[in-house]
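# Overview (structure and organization)
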Amino acid sequence: MANQADKKTTILSIKLLGLAVIMFVFAMWVMPPLYDALCEVLGINGRTTGDQYTVIDSQIDTSRIVKVQFVAQNNEKMPWEFSPNTSQVEVHPGASSLVTFFAKNTQDRYMVSQAIPSIVPSRAAQYFHKTECFCFNQQPLAAGTDADLPLQFIIDRDLPKDIHVITLSYTIFDVTEMAAKQNSVASSSK
């Protein structure tokens, strides 16, 4: 009887281990492409490349106007004030535009932030080129200080004609501890 119970326990353990492996494989290799495909179909969570864009041809399409809306939000653990100084601009594709975002460290300690962008509709992300952006680097602020963070961008003239409004959203995160660890590693390797 004990031998039969041990056999059932072993079979159950093997099944549970197999299920855990299948769940791990699903989460690591199946879900990310599935998530990206779903976001593409639904037009949500457009990602920009995060790379600085170099202007090659500066012809401006004055026959079109695209409205660009700006949204700012804090990660739940980020206590700063963070907002766009301008909620929206109207631009001609091909023209360079400059806007700023306001950030204030409301804490009584030095902090470092990192902004992560997202674009809606997601298919517009490949046509939204940042030539200068505070999101390219971490943003340190001393206690109680504030800054206007620049964003310079160009909407590509090849933006599909049916896209008239683009929403660029930034979420800022507290990366103070991570920045401190990176600095200590860099200092110790010298």
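What counts and what doesn't
Residues numbered from 1 in each chain as written. Predicted model: local features only at pLDDT ≥ 70, side-chain atom pairs only at ≥ 80, totals over all residues. Heavy atoms only, no water. Helix = DSSP H or I, 4+ residues; strand = E, 2+ residues; numbered from the N terminus. Patch = residues over 30% accessible without salt bridge, like charges linked within 9 Å, V, L, I, M, F, W, Y side chains within 5 Å. Areas by Shrake-Rupley, 256 points an atom, 1.4 Å probe, with all protein chains shown as cover. Salt bridge = Lys/Arg side-chain N within 4 Å of Asp/Glu carboxyl O. Pairing = 2+ DSSP bridges. Axes fitted to C-alpha atoms, helices over the stretch in contact; angles between N-to-C directions. Phe/Tyr/Trp six-rings, centres within 6.5 Å; stacked < 30°, edge-to-face > 60°. Buried < 20%, exposed > 50% of the residue type's maximum accessible area, 1.4 Å probe, protein only.

### Some words on unusual backbone geometry
The omega torsion of the bond from Val120 to Pro121 falls at 0°, within 30 degrees of zero and hence cis. By the secondary structure assignment, Pro121 is in the loop between strand 5 (111-120) and strand 6 (128-133).

### Things to note about a nonpolar patch on the surface
A grouping of Leu12, Leu16, Leu19 and Met23 is seen on the molecular surface, where their side chains present a nonpolar patch of about 410 Å² in accessible area. Here Leu12 is to be found in helix 1 (residues 2-42).

### Focus on the pairing of strand 8 (residues 146-155)
Direction of pairing for strand 4 (residues 96-104) relative to strand 8: antiparallel, over a ladder of nine bridges. What sits directly across from Val99, in strand 8, is Leu151. Examined bridge by bridge, strand 6 and strand 8 share five bridges and lie antiparallel to one another. Opposite His129, over in strand 8, you have Ile154 as the bridge partner.

### Concerning the sheet that holds strand 4
Spatial ordering of the open sheet is given by 2-4-8-6, a layout of four strands whose pairing is antiparallel. Edge positions in the sheet fall to strand 2 (81-84) and strand 6, since each has one partner strand and no second. When strand polarity is set aside, the average angle formed by the axes of neighbouring strands in this sheet is 25°. For strand 2 and strand 4, the ladder comprises four bridges, and the chain directions are antiparallel. Bridge pairing links Pro84 to Phe101 in strand 4.

### So, the packing of aromatic side chains
One pair of aromatic rings is described through two measures. These are the centre distance and the angle between the planes. All told, the structure shown has eight aromatic pairs when counted by the stated rule. Aromatic side chains Phe70 and Phe153 sit 6.0 Å apart centroid to centroid with 65° between the ring planes, which places their arrangement in the edge-to-face category. Of this pair, Phe70 sits in strand 1 (residues 66-74) while Phe153 sits in strand 8, placing them 83 residues apart in sequence. Per residue, the accessibility class of Phe70 equals that of Phe153, and both read buried. Arranged with centres 5.2 Å apart and planes meeting at 50°, the rings of Phe101 and Phe134 form a pair that is tilted. Taken together, the positions of Phe101 in strand 4 and Phe134 in the loop between strand 6 and strand 7 (139-141) put the pair 33 residues apart, joining distant regions of the chain. One aromatic cluster in this structure is built from Phe70, Phe82, Phe101, Phe128, Phe134, Phe153 and Tyr170.

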